[in-house]
Amino acid sequence: MAVNTPARAGGARAAFHDGLADMLPLSAAVAAWAVVTGVAMAQSGLALSESVGLSLLAYAGSAQLATLPLLAAGAPLAVTVLTALMVNLRFVIYSAAVAPGFRSLPLRQRLGIGYLIGDISFVVYMRHEARWHDASTRAWYFVGVGLAMFAVWHVGSLVGLFAAAAIPREWGLDFAGLLALLALWVPSLASRPTLAGSVVAAALSVALDPLPFRSGLVVAILAGIVVAVASDRRREAPR
Amino acid sequence: MTPTLQLWLAFVGIGLTAVVTRCSFMVLGERLRLPLAAEHALKHAPAAALAAILAPALLLHDGRLALAPGNFRLLAAVVAAIVMWKSRSMLWTMAAGLAAFTLLRLYA
């Protein structure tokens, strides 16, 4: 990861273009992830208009994939929204990490930047943050990165939605959605506390599955977090 | 409440969670800083949520634990997880998982 990227001269336009350029190599991954989400939405039984609505309102692939089974099953509103909240909680941390660079900007601009926060835009921005010396230019860079991701995401989502309609159901492409979640989850297993939390969350979720509308899900997630924190503490405690 | 209305309310709710979480610290600025302990706890939330969502989908079939080799999804998921662990590539992981699932479905 480049730490000492040289400071750049040039104004808003140069920063914006740099943002687009830095996003380009990652477009394929974002597009693939978006197509998968589009396919998963189409396969979930939602109508096309509903899928487009969900996609535009949420703009959060993981939360969309996580809530699709709940939406399809007609789970209680609170469970669906809380699940989305749990999956989106990482955005709070991203937001905390990004906010200091934009503190001097007006609220409306800060909110616009906040809306474009996602896993990939966050990583790209943090990597190049030091390149920009004032909040306004930095903001244009972030908007370049964020808008590129936004555009690729929504086009990919639509492609997935329409392509899925041409794909026979018995291919079980809904499985693609699960695989995407799995791919997001696997790297976190390198950390022992996270692994412990995951095992507990998984076990509880399976055990509590008979509860109506997967209402045990929230309990499983909370228990997983608690166990992960406890495992963290145990590791950090002096022996 | 009709199912359609509930669905759209859920979409709005999901959208709100995305906006509120993304903008949280952008709104608060200097006014609130999370204690380190809380930040550490939150770090574990996505993995716990993903595990809790994935486990029943992969391990249960019609509400019963399905660990036998007959669970093609589970087998394919194991293949995909190994590919992800080695390659860290979303694309290869999807390809491997879908290929494994399709091969199992057609030939096993």
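Since this is a predicted model, take the numbers as computed values, not measurements.

Engineer: Could you give an account of the packing of helix α5 (residues 77–88) of chain A against helix α1 (residues 3–28) of chain B, with specific residues and numbers?
Structural biologist: The contact between α5(A) and α1(B) brings their axes to 9 Å, and the two run at 25°. Judged on the interaxial angle alone, α1(B) and α5(A) are roughly parallel. In this structure, the crossing between α5(A) and α1(B) has a hand that is right-handed. When α5(A) is examined against α1(B), the residues Leu77(A), Thr80(A), Val81(A), Ala84(A), Leu85(A) and Asn88(A) are found in contact with a partner set consisting of Gln6(B), Leu9(B), Ala10(B), Gly13(B), Ile14(B), Thr17(B), Ala18(B) and Thr21(B). Considering only residue class, the contact of α5(A) with α1(B) consists of eight nonpolar, six polar and no charged.

Engineer: Kindly report on unusual backbone geometry, identifying the contributing residues and their values.
Structural biologist: All names here are of chain B. The backbone of Asp62 shows a phi angle near 55°, a positive value even though the residue is not glycine. In this structure, Asp62 sits in the loop between β1 (60–61) and β2 (64–65). The exposure class of Asp62 is exposed, given its relative accessible area of 71%. Here Arg88, not a glycine, exhibits a phi torsion of approximately 55°, which is positive. Along the polypeptide, Arg88 turns up in the loop between α4 (72–87) and α5 (90–107).

Engineer: Give me the packing of helix α4 (residues 61–73) of chain A against α5(A): which residues, what numbers.
Structural biologist: Helix-helix packing is characterised by the crossing angle of the two axes and by the distance between the axes. All names here are of chain A. At a minimum axis separation of 9 Å, α4 and α5 run at an interaxial angle of 160°. What the angle tells us is that α4 and α5 run roughly antiparallel. Pair α4 / α5 crosses with right-handed handedness. Counted together, Ser62, Ala63, Ala66, Thr67, Leu70 and Leu71 of α4 and Val79, Thr80, Thr83, Ala84, Val87 and Asn88 of α5 form the full contact between these two elements. When grouped by side-chain class, the residues that make up the contact of α4 with α5 number seven nonpolar, five polar and no charged.

Conventions we followed
Residues numbered from 1 in each chain as written. Chains lettered and ligands numbered in written order. Predicted model: local features only at pLDDT ≥ 70, side-chain atom pairs only at ≥ 80, totals over all residues. Heavy atoms only, no water. Axes fitted to C-alpha atoms, helices over the stretch in contact; angles between N-to-C directions. Helix = DSSP H or I, 4+ residues; strand = E, 2+ residues; numbered from the N terminus. Parallel < 35°, antiparallel > 145°, perpendicular 65-115°, else oblique. Left-handed = near helix turned anticlockwise from the far one by under 90°. Contact = heavy atoms within 4.5 Å. Nonpolar A, V, L, I, M, F, W, Y, C, P; charged D, E, K, R; others polar. Buried < 20%, exposed > 50% of the residue type's maximum accessible area, 1.4 Å probe, protein only.

Nothing here speaks to function; it is geometry throughout.
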